[in-house]
Structure formats: structure tokens, C-alpha cells
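# Summary of structural features
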Amino acid sequence: MARHTLFAGASALALILSSAVGPSAAQAQDRPAPAEEDQASALGDIVVVARRSEERLQDVPLSVTGISAEELESRTITTGTDLQKLVPTLSVGVSIFGGAQQFSLRGVRTGVVSYLNEVPVNAVLADQMLWDLASIQAVSGPQGTLFGKNSTGGAVLFVQNTPTDEFEGYLEGRVGSYNLYEGTAVVNLPVNDMLALRFGARVTRRDGLIDNLTGPDLQKLDHRSLRFSARFTPNEYLSNVTTFNLADRDDTPYAQISGAGPGTPTCPTALPACIYGAAYGVELAAQRTRGIRTVSIPLNASQTATPWQFTNVLSGYFGSVTAKYIFGYQKNEDRQFTSQLSIPLPVIIGLNDNETSLTTHEAQLLGTAFGERLSWVTGLYSSASDVNNFNAYLLFAPVGTPHNINTTQQTGGNTTTDSWAAYAQGTLAVTDRLNLTAGIRYTEDDVKTAQFGFSPGLRCNLPAALPSVNIATCTQRIAAQTDAVTYNLSVDFKATDDVLLYATTRKGYNAGGFNANINDPDLEVVRPEFITDYEAGLKADWSLGSMPIRTNLSAFYAEYTDIQRTTSLLFQNLVVTGNFNAAEATIYGGQIELLARPLEPLTIQASYGYLHTQYDSYQNAILGDVSGNRFAQAPQDSVNLSATWRHPLSVGELVGQIGYAYISEVAFADDNLTTPGNIAPAYGLIDARLDWKDVGGRGIDLGVYVKNATDEDYLLNTTDRTTPFGFQSQLYGDPRTFGFEVRYAL
């Protein structure tokens, strides 16, 4: 079987190379066929910044998925969870602590950093800024040289439209299922030859998707976002781009549907049954009867956030050298108050309140040398983050118990991280077709935390035996310094102008952290994690007869050590959230992306991602031995198929699009071999859209769409809490929704 698979892969590679190279490789290198060039250009180009400068995606020796503004519209991408339909090996989960979305690439969920305007961005802000974008770029694999720490899985780059020299803009309105109303306005204003401004705003409101019989409906949306950017170019040597993004949300949380487990929980195997008696089993049974779209939670659940970001990119152009200074500051305040069950018993009622800030500075030089045979980039980077959090949980309380400081278990504190790094990377053109790339980065992190912990009645519950604990103030202070050298080495070869072969190896690093409230010195400090990967790939524009085809392939193998894993658990009669080091794991996989135009009006896109993730060794005194378990948020198979048909009219253009996305079963916790409730079943989603562009030549676009056309029930998170609580907690994605859009170009 392995020989047949290898032979099939080699045959496919030979077909691509022979189709792209033609009868003679030497002739193709000297003089590409005109028809071939037309077919390649017919598929268009996406410009990416995966190596911190603008390049054609097909010229970048990395696994990069580029999503254009046109594709974002045609696939009706409105939230981060939609992106996993388009990016192979990407999994997007929703946290039960505040509704933030968590990206996982190639099975690595603790090391995917999102960037907006060249600086790291808060997940909530990124999710609300999926409009007026030039592109979204998912860069897979460790990016420890150019993007730095905490990118062991990759980076997701959100590239906004910047001000241009033309007066333009648009007004857009959308109505849809569950009383969805959304309005967007964007205007681009060139003030003079030196200054251009761009303003934008969006408001989104939607009723809740989950009916609540005894409280406010859940999964309601109430979003507002604002964007301002300015481009100042006083002369040919200087340019400055300033951007301000602000978002505000006043939602109700995701419903955590409980009662999915079979049987009737009893005491002592299910702790809540010891408190609530038979009523606990009765309420779980009632939830099973209600189904997944109705709950009974007598609680004023809420979820709010106000993230904002300011960035400034100053660039100077001095011959073959470009100097850049990139500044970023962001702040966010978010609060969630909700029940972790969907029944009218106060089993777990939680308040999570966070305030975060991040300041970044980056000085960067880019240039060429030796007759442009060497392109290089070097820079210095620093960041300072400040995180304050407060968590208060009402646990197993009698019905009617108020949620306050005297009745809840409380944790939280302040954590600061100061980081700096120096990096350099260069690409040398050994020949006109052969390039060698080498990059290195040195990073230091200084992390400090002061945490508190109280049991109900404001009784300090920190482990007094630890030297880091001051019982008098109920404070645990921990400090740690870590450093790492990460690198990137790659070689790429242009077999023809339209075929790129590459191989690379990289090392990535995630900074360490702390665990408060755990009386185990070995678990107090979380060590940094490291990943070393090896990747080979092919990017080819070729043809089958008169049909232009683009095929991008990549395969990888990675060795992952001291993996950081966060989980909530019951420890010494306290519910604690800890971050733990897994010993090691080996992961491997690959992906293929295909773009073809069999007919002039028809475009076909397809992609497939494969992942094999498994812990080689993972055990500690609290979690036990979970070696052999698969990674959470790492589906083995992910598939995307779509077709777009364009039909010109005398009064505009019709554009029809249909897409199918499949995700195989995926775990959402690392102990999944013996706890099947931690695994979400496989599912497939069908979306469709029809647009009438430029109606009557008046700059008006009309569109209708359906998402999840078959009304599939699918999970965005699931946690098996059968032991010791007797229930499972599940967060479901959106049901089938319809919508109508109108857009007017200014």
C-alpha cells in the first residue's frame, strides 16, 4: 500500500512537472511558452507577507493559504470559525471562558498568533474586524524567526485595506435569520497628494440562537466596530500608516448544553447528585428532552468586551534599504457571567473578568545586496504585556444561593511579561533558480505573576507550604526568565517559471508560565515548549489541455517537546485551571490545495489536510498518564470543495458559489481515549451564495446566501465531565441561516 501511494505521488509530481515544463526542460527555462504564461496568469495572484515583505504566494517557500477579499465575500466569512472551512489543518474552537476563539494549525493550539497591521492582535478584536480586508493569510508551521515566540503552530495574518489615492467607498446592509441586522460603511478620502484617509464602521445585531425558558436567550450578538487609518507620504523617501481599531460587544454567551450523557447520575460518582439529590438527574433528563436549542438557565448571563488597537508603521526608503519602525498598543476589557450547565441548578456559575494590555516595538531593516542576489531582513523587537484577571465561581451551591464574594471560590491576579528579541534572515540566489534561506532569532522573556486564591467566605486557599506564598496577604509571587534561539533553514528551486520546489526546517519556541493554587513545586512553573519541524513542498501552475491548474502541496514532520497544555480539573477539593507540560509528541501530516478553471466562467477550488497527532509521553501527578491520546483541536482530515460560476449580463454579472467543508472527528481535550465525550463527531457543512453584481451599471450589488444549508448539528467545543460531575458540556455551532445583502459602491 505504501509503495502504491508513493508511486501515485511520484506519478502526480511527474505529470505536473511534465505539464508545466513541456517537451524540454531546457527550452522551458530559456523561453516559456506564451500559452502557458496565459494559463498561469489566468488564475490570478495573491500577494502575501509571510516573510515580512510583499511576495507572490507562489514564490514563497512556505505553506501559506491566502484568502482574498473576493473569496471572503463569496464564502460569506463572518466569524473566525468560518475560516476552518478554507484553511487545511486549521481548527477553530470556542472557549467556554469568555467566548474567545482559539486557532490551531497543524495540531498546535498553544502556538498560533494572530496579527493585524503587523502586530499581534487580541482574538476578540480580530473576530470583529473581518470586514474591509485585503486578505487573510494562514502561515503553517513554526514561525520563530520572523514572527517570534508563541508561533510554534503558525500565524494568521489579517491584512486590512489601507488608504488609497482614489475617492471610493461603499455602504452595505445585511438582514437574515434570527433577526440579523448588519450595516457597514467605508469611505476612502484622498486629502491631497501626501495624505489619504480611510474610515469604516460596522454594527451587527442578532437575536439569540438558543431559547432560554427562564432567562435571556443565549448566543445573542450585539457588536459595534470602528476603524480609522491614515497614510501620509510627504515624499518618495518616507511613508507612514496609522491605524486605529475599536470594537465593542454586548452578547450573551454560548450555551453549554449539558445532559448529553446517558444514564442517571448518582452520588457519590456524580458530586452534584450529593448536593441536589434526585433533582439533578431529573433536570439533566429534562435537558435531553429539550434538545440542543433550548435551555433553562435562571441567570442574567452576559458576555461583554471592549478591545481596541493602535498601530503605526513608519517606513523610510533609502536606495536598496528600507527601514521600518512598527509600533502597536492594544487594550481589552472583557467579562463573562454564565452557567456551565444548561439546567436551573447552580452547579457551576462562573464570572470571568479580564483586563489586558500589550505594547510592542519593532525596528526593522530590509534590503538587497550583491546585485540583488541577496535579500535580507533584520530587526529588534520588544513587547510588554500586562494581564489582570478575576474569576469567581459558585460551586455546588444550594438553589437560591447568591453569587458574591462570600459564596464563591475566587482566583486571579496580575501577570506581566517583558520580552525582547533580535533576528536576521537572508535569502541568497545561488543561481537564477536556486535559493538558500537562513534565519535566526534570539528571544528573552521575563515573566512575573502575583496570584491570589480564596475559598467561599474569603478564606485563603493558597498552598502555605510553598516559599512563593505569603498567607498574610494571600498572594503567591512567582518569577521566571527564559530564553531561546530559534531558526529557519530552507532551500527552494524553480524548476520552471511556474514550478517551485522547496524544503525547510525550523525551530519554534513558546514562553513558559505559572500555576497558582497547586501544591506541587514541580508544577508551579511551566517550562517553555519547543518544536522542530521538517517540511517539503511543491507549488505549481500548470495546465491540462487548455485548463489552467494551480497545485500547492506540502508535507511535514515535527518533534514537539515540553508541550504546554491548559486544563481545568478538581485538585484537593478545588476547581483549578492549570497549564502543564506534556513530555513529548511526534506529529506529521500534509496538505494539498487545488485551483482550476475548466471553463472560462467556472472556477473550482479544493483542499485536503491530513494530521497525525499523538502524545509519545504525557503524564504528571494530577492528570495521570495520557500517553497515546490524540491532540485536542487536531482533526485528522479536513476537506474544502467549492465552485464559482460567473455569468455576464447586459445589466451586470451573476456570480453563483457553492461550498462544502468537511471536518473529521476532533477532540477538545487531551484525555480522549477513555473519555469519548471529549470528542466531537465529524461533520460537513454546505454553504451557497448568489450575487448580482453592478445591477444596471449603477454600482449596486445584491446577494442572497445560506449557511449550513442542511441544518447540520456540529460542535465547536465539548467536554466530558461525567467523572466526577455526571454530565457533558457541549457548545454547538450555528444552525441553518439565510441572509440578503445589498451593497452600494460610492
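Computed from a prediction, not measured in an experiment: that's the story for all the values here.

### Comments concerning empty space enclosed by the protein
- Evaluated as defined, the whole model comprises 11 cavities of 30 Å³ or more.
- Of the volumes computed, that of the largest cavity is approximately 850 Å³.
- As for the largest cavity, its lining consists of 47 residues, of which Thr78, Thr79, Arg206, Leu221 and Asp734 are closest to the centre.
- Tallying contributions element by element places strand 14 (residues 221–235) first for the lining of the largest cavity, with 4 residues.
- Looking at the lining of the largest cavity, its residues break down into 17 nonpolar, 17 polar and 13 charged.
- Each pocket or cavity is described by its volume, and for the second largest cavity that value is around 90 Å³.
- As for the second largest cavity, its lining consists of 13 residues, and the residues nearest its centre are Gln143, Thr145, Leu146, Gln425 and Asn488.

### Concerning the packing of aromatic side chains
- This structure, assessed with the given rule, holds 15 aromatic pairs.
- When the centroid spacing of 5.6 Å and the interplanar angle of 40° are considered together, the rings of Tyr509 and Phe530 count as tilted. A residue pair is termed long-range when its members are at least 10 positions apart, and Tyr509 in strand 27 (residues 499–510) and Phe530 in strand 30 (residues 529–544) qualify at 21 residues.
- Exposure remark for Tyr509: the relative accessible area of 2% places this residue in the buried category.
- Relative to Phe631, the ring of Tyr615 lies with its centre 4.6 Å away and its plane at 35°, an arrangement referred to as tilted.

### Details of the pairing of strand 11 (residues 180–190)
- Here strand 10 (residues 168–176) runs beside strand 11; their pairing, made up of 9 bridges, is antiparallel. Bridge assignment links Glu168 to a residue of strand 11, and that residue is Asn188.
- Hairpin connection of strand 10 to strand 11: 3 residues between the antiparallel strands, including Tyr178 at a positive phi of 60°.
- Pairing between strand 11 and strand 12 (residues 195–206): 10 bridges, direction antiparallel. If you follow Val187 over to strand 12, its bridge partner there is Phe199.
- The loop that links strand 11 with its antiparallel partner strand 12 comprises 4 residues.

### As for the nonpolar core
- With 26 residues, the main nonpolar core has Leu83, Phe103, Ile136 and Phe158 as its most contacted residues.
- Secondary-structure elements contributing two or more residues to this core are strand 4 (90–94), strand 5 (101–105), strand 6 (112–116), helix 5 (123–128), strand 8 (133–140) and strand 9 (154–160).
- A per-element tally of this core places strand 8 first, with 3 residues.
- Leu83 has contacts with Ile67, Ile77, Leu90, Phe103, Ile136 and Phe158, leaving out every residue within four places of it along the chain.
- In terms of nonpolar packing, the next biggest core, distinct from the first, is built from 20 residues, Ile297, Ile349, Phe668 and Leu715 among them.

Thresholds applied
- Here the residue index of a chain counts from 1 through its sequence in written order.
- Note on the predicted model: pLDDT of at least 70 is required for a residue's local features to be given, and 80 or more for side-chain atom pairs to be given and counted; whole-chain, interface and lining totals, by contrast, use all residues.
- Side-chain numbers here rest on the full set of heavy atoms in the structure, without hydrogens or water.
- Only protein atoms enter the 1 Å grid, on which a cavity is a set of points fitting a 1.4 Å probe that cannot get out and a pocket is an open set with protein on both sides within 12 Å along at least 5 of 7 lines, lining residues being those with an atom within 4 Å of a point.
- Grid points are joined across faces, edges and corners, and a volume is the space filled by probe spheres set on the points.
- Segments assigned H or I by DSSP are reported as helices when at least four residues long, segments assigned E as strands when at least two residues long, and all are numbered from the N terminus.
- Under the convention adopted here, Pro, Cys and the residues Ala, Val, Leu, Ile, Met, Phe, Trp and Tyr are nonpolar, Asp, Glu, Lys and Arg are charged, and Gly plus all remaining residues are polar.
- Working definition: rings of Phe, Tyr and Trp (its six-membered ring) pair if their centres are within 6.5 Å, and the pair is stacked with planes under 30 degrees apart, edge-to-face with planes over 60 apart, and tilted otherwise.
- Buried, partly exposed and exposed residues are distinguished by accessible area as a fraction of the type maximum, computed with a 1.4 Å probe on protein chains only: under 20%, between the cut-offs, and over 50%, respectively.
- Note on pairing: two strands pair once DSSP finds at least 2 bridges between them.
- Among buried residues, those of type Ala, Val, Leu, Ile, Met, Phe, Trp, Tyr and Cys that are joined through side-chain atoms within 4.5 Å constitute a nonpolar core.
- Here, two residues are considered to be in contact whenever any of their heavy atoms come within 4.5 Å of each other.

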